[in-house]
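Report on the structure
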Amino acid sequence: MMQKRQLAKAAVAHRMQLLQRRLKNAFPHLDTLERRHLGVDDIDQQVMLRTVNASSMQGFVDSVIPRAIAEKDVEVEEEIPGEKGWLDELSIIMSKNKQMKQCIGMGFHETKLPSVILRNVIESAGWYTPYTPYQAEIAQGRLESLMNFQQMVIDLTGMGLANASLLDEATAVGEAIAMSVAHTKGKKRKVILDKRMHPASIAVATTRAQGFGIECLVQDVFESDLSDPEVGLVAVQYPDTHGDVHDFKALFATAKEHGVLSCCSADLLSLTMLTPPGELGADIACGTTQRFGVPLGFGGPHAAYFATQQSYARISPGRIIGVSKDADGQTVFRMALQTREQHIKREKATSNICTAQALLANVAAFYAVWHGPKGLRAIAEDINCKAKTLALGLEKAGFQLKSKNFFDTLWVDCSHLGADGGRVFTERCCAEGINIRQISDVEVGIALDECTEEHHLQAFFRAASLPAEGSDSMLELRTEAEKTSSIQHDLQRTSRFLDHPIFSKYHNETDMMRYIYRLERKDLGLNSAMIPLGSCTMKLNAASEMLPITWPSINSIHPYAPEDQVDGYKVLIKDLEDKLTALTGMDATCLQPNSGAQGEYAGLRVIKAYHESRGDFERDGCIVPSSAHGTNPASAIMCGMKLAVVKCLPDGSIDVVDLKKTIDEKLKGRVAAFMVTYPSTFGIFDENIKEITDMIHAAGGLVYVDGANFNAQMGLTLPGKYGGDVMHLNLHKTFSIPHGGGGPGMGPICVRSHLVPFLPSTASPGIKCGGDKPFGQVSQAPYGSAGVLPISWSYMRMMGWKGLKKSSAVALLNANYLMERLSSEYAILYKGDKGRCAHEFILDVRPFKKSAGIEVEDIAKRLIDYSFHAPTMSFPVPGTLMIEPTESESKTELDRFINALLSIRAEIRQIENGEMSATDNALKNAPHTMASIARTEWTHPYTREQAVYPVESLRSNKV
């Protein structure tokens, strides 16, 4: 609670400063975001309202939102800045963060982001706006880059298989535990974590293990009993949290003898010099790729890696990119083994991983491509040499090294400075502008990196009171350091890595720039066309929201920096939490979960902790409607809950009779949670949602609202008022953080007051978070991927309450406009009681299979020829298309999409009427590549022009 009061005090003080220097604006801002964010203007809105038979926007909204939960009277008075004014204000706020040389370590290091990658990837809408590469034909660029990422990880770890990234290092260790559960089919109920792992990894992994009913033993692994038949996994840090490098060959061999999986959480850059985990005998290698060009960002987003052996492919978490052949026999990339993705397994899942960190994985991959094997080795050797130089100097100044085996991090005994020598030296370094880690009263940790320069070493020596002259000169220390080794001989890497030609081709900026652009051109992002994916909310990521994330005042801050150095982030966090809390009608917000699935998990764990605090240990039942998101069942299983699926009626609404039966019979006295996606993935608002939540509460359960579809509700409803006890929000959907081709994301949870005590905390130093009785920790950093929070904060500040409310109203209008225009040619699967959909709707294309032999995949692929990404296929109903246009699309783009689907319907009708071959037609052969239409022979019964220019507008803008 003290933390909450401090955050509140800082926020109030800042707002008072702003108010004191402001006068009432006599002239309204002309550069407000709202008119740039919303795709349709007032004139187009009137046309669209007439199309959907509504006389006004308010009347239309009233026909969509159930009357019992509609919020009409909530008004918030606030000053809405223009885009330039907000960027100026944000710059002032974030300048309150103190920029230091960060040598804290613990899995986070300063790094040099190559300008060619910053300019052409992180700042390019072609890279940060695409969706997850499910549609391989328009994702070959990202898929190739992610394949590079996997190859980089495989080579450096010495493993046989790697996925395309996870959320962070700590959750990767948690995923290793989940994998061990799957490997042993839940028969082994213990895991051993080495006490020298990073505190965050121990905390997150222990939290994950609790959900599975697994006992976590934190101990010295060299003294552990691996013969215990209950042990399923042993995990270590390499180098460990203090920087010490251990030889785990014998440990891993013993683990293998006893059927215990071994996990090595390894610093990826160190593996250019250290024997890789695969050669040590590990079954799993995981960690972070953050120091491969990805800024600190106060904790993220950063791409974790996860590698294992080929034999474990089916139980490995996350997405895996593979190589395949296209229709012409050409080598292409695609997501492999998609049916083994854990969230698709629902109640059989051991992981709910969905969103990963694709954008940051691409940055890391390009970093490896840019530097190549020689460049990476040179960076590592330079860091190691500086660490050895620092070690020699500190020893000359009277300090003692706790370990002689290290890569980049020194574990230093400062007891000669007194009983509180660790604090004394930490403060001396801080006075020199350097943050280090205080491990104990007399011990510190110093982690160097590629940004460490000679003047930083000189600052350390000043703090250590080392004389600056004579035999202790820097050059002589370096010369002495080069003659020594800090890595024992049998742990020095001898095997080659990054031998694939891709890592040796692009080492000048011209070639690298062209390679990045060549990959980008193979993909489709929001910079090319609307991406109408249902339940994904592919809205605008405004440039003014994105710009700040590259500012050093935002992205150079270590997540474990002392609290008095992060005043800017404290203002951001407090105001963003307050705004999300108000918008959801809840009482508090936690920003720690760094994906939507993590938010689901955290919300359910909070519910479980609440019940257990009341002695209700028997409450283990989680009710999930069949219309819920696919990750919901997986999240429930991960929390140790028993799943009960409730049916939906033919109109798509929740079957209240079946719900009552589940409560009264199947889960009598055991209801813990009810997970409801609202509006549902069927695209409708259940009119009786309040009745449903009342039933759950009457049964002693709590209501979890999946906020993936909150873009339909901002300012129009308050989930806290219609019965929600906890909900997660997808900041990468509703609040404008870009999808990045499959991440990053953020999934904060908003809770009612009775759940506040159980919010997750952090086991690491620095700023604190969480409730008085936290259930554990879900992300490596206290505030998850805090580096992208300025995007959502900027969106909310520049839109204001009224702008957000209008955004949801326009999102509803755009969806209903599309539905109305298409309903004459396509069957609409579900509509609400008043004939409306929410912000998305489902086209039922299943009848075409019988009438023309056309399936949903054919339509999806044909849309590529019209320069569109397909809507969501076969979810939540197989054989259908779920469409969500968002509020950011113009009427021109909406009409272009409508015309494309109407044109495709006409093509299907030709097949139905026998005017076109049922097996050789534009849909079955789609998409039509340049190679396919450039062939000398053309034997199809339709023209090349019909193949690539099915509508006239494509002649001037073909993606």
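To be clear, the structure that these remarks concern was listed above.
Description of the structure in this document. (Residues numbered from 1 in each chain as written. Predicted model: local features only at pLDDT ≥ 70, side-chain atom pairs only at ≥ 80, totals over all residues. Heavy atoms only, no water.)

**Some points on the nonpolar core**
- Membership of the largest hydrophobic core comes to 242 residues, with the highest contact counts inside it found for Met152, Phe425 and Ile446.
- Broken down by element, the residue count for this core peaks at 21 residues, all from helix α13 (residues 358-396).
- Excluding its chain neighbours within four sequence positions, the residues that come into contact with phenylalanine 425 are Leu394, Phe399, Cys414, Leu417, Ile436, Val444, Ile446, Phe460, Ala463 and Ala464. (Core = buried A, V, L, I, M, F, W, Y, C linked by side-chain atoms within 4.5 Å. Buried < 20%, exposed > 50% of the residue type's maximum accessible area, 1.4 Å probe, protein only. Helix = DSSP H or I, 4+ residues; strand = E, 2+ residues; numbered from the N terminus. Contact = heavy atoms within 4.5 Å.)

**Digging into the packing of aromatic side chains**
- Using the criterion set out here, one finds 21 aromatic pairs in the structure.
- With a centroid separation of 5.8 Å and an interplanar angle of 90°, the aromatic rings of tryptophan 938 and tyrosine 942 are classed as edge-to-face.
- Put simply, the rings of Trp127, Phe366, Tyr506 and Tyr515 pair up and form one aromatic cluster.
- The ring of tryptophan 411 is capped by lysine 402, whose NZ or CZ atom sits 5.5 Å from the centre of that ring.
- Over the aromatic face of phenylalanine 868 sits the side chain of arginine 896, whose NZ or CZ is 3.9 Å from the ring centroid. (Phe/Tyr/Trp six-rings, centres within 6.5 Å; stacked < 30°, edge-to-face > 60°. Lys NZ or Arg CZ within 6 Å of the ring centre and 35° of its normal.)

**Focus on the environment of arginine 423**
- Mapped onto the elements of the fold, arginine 423 is located in helix α14 (residues 421-431).
- Overall, arginine 423 belongs to the partly exposed group, its relative accessible area being 34%.
- Spatially, the C-alpha atoms of arginine 423 and proline 559 are 19 Å apart, while their sequence positions differ by 136 residues.
- Look past the residues within four positions of arginine 423 in its chain and what remains in contact with it is Gln438 and Asp441.

**Side note on the environment of valine 64**
- Here valine 64 is to be found in helix α4 (residues 57-64).
- Judged by relative accessible area, which is 6%, valine 64 ranks as buried.
- Sequence separation of valine 64 and arginine 196 is 132 residues, and the distance between their C-alpha atoms is 55 Å.
- Look past the residues within four positions of valine 64 in its chain and what remains in contact with it is Phe685, Leu812, Asn816, Arg836, Cys837 and Ala838.

**Notes on the side chain of threonine 681**
- Structurally, the position occupied by threonine 681 is in the loop between β18 (671-677) and α24 (689-698).
- Reaching out from threonine 681, the side chain makes a polar contact with the backbone oxygen of serine 627 at a distance of 2.3 Å.
- When residues no more than four places from it in sequence are discounted, the contact partners of threonine 681 are Ser535, Ser627, Ala628, His629, Asn709, Glu840, Ile842, Phe875, Pro876 and Met882. (Polar contact = N/O pair within 3.5 Å; in protein donor to acceptor, adjacent residues only side chain to side chain.)

**Thoughts on unusual backbone geometry**
- Between tyrosine 238 and the following residue, proline 239, the backbone shows a cis peptide bond with an omega angle of -15°.
- Inspection of the secondary structure puts proline 239 in the loop between β5 (231-238) and α11 (249-257).
- Note the cis peptide between glycine 743 and proline 744, where omega equals 25°.
- Locating proline 744 in the fold gives a position in the loop between β20 (726-729) and β21 (749-751).
- For lysine 185, which is not a glycine, the phi torsion comes out positive at approximately 55°.

**Examining helix α17 (residues 509-520)**
- The end-to-end C-alpha distance of α17, which contains 12 residues, comes to 16 Å, matching closely the 16 Å that a straight helix rising 1.5 Å per residue would cover.
- For α17, every residue scored as buried is listed here: Met512, Tyr515, Ile516, Leu519 and Glu520. Within α17, the buried residues cover an arc of 140° as seen down the axis, which keeps them to one side.
- In this structure, the buried residues of α17 make contact with α6 (115-122), α7 (125-128), α8 (140-157) and α13.
- Of the residues flanking the start of α17, the one acting as N-cap is asparagine 508, its side-chain oxygen 3.2 Å from the backbone nitrogen of threonine 510. (Expected span 1.5 Å × (residues − 1). Arc of directions from axis to C-beta.)

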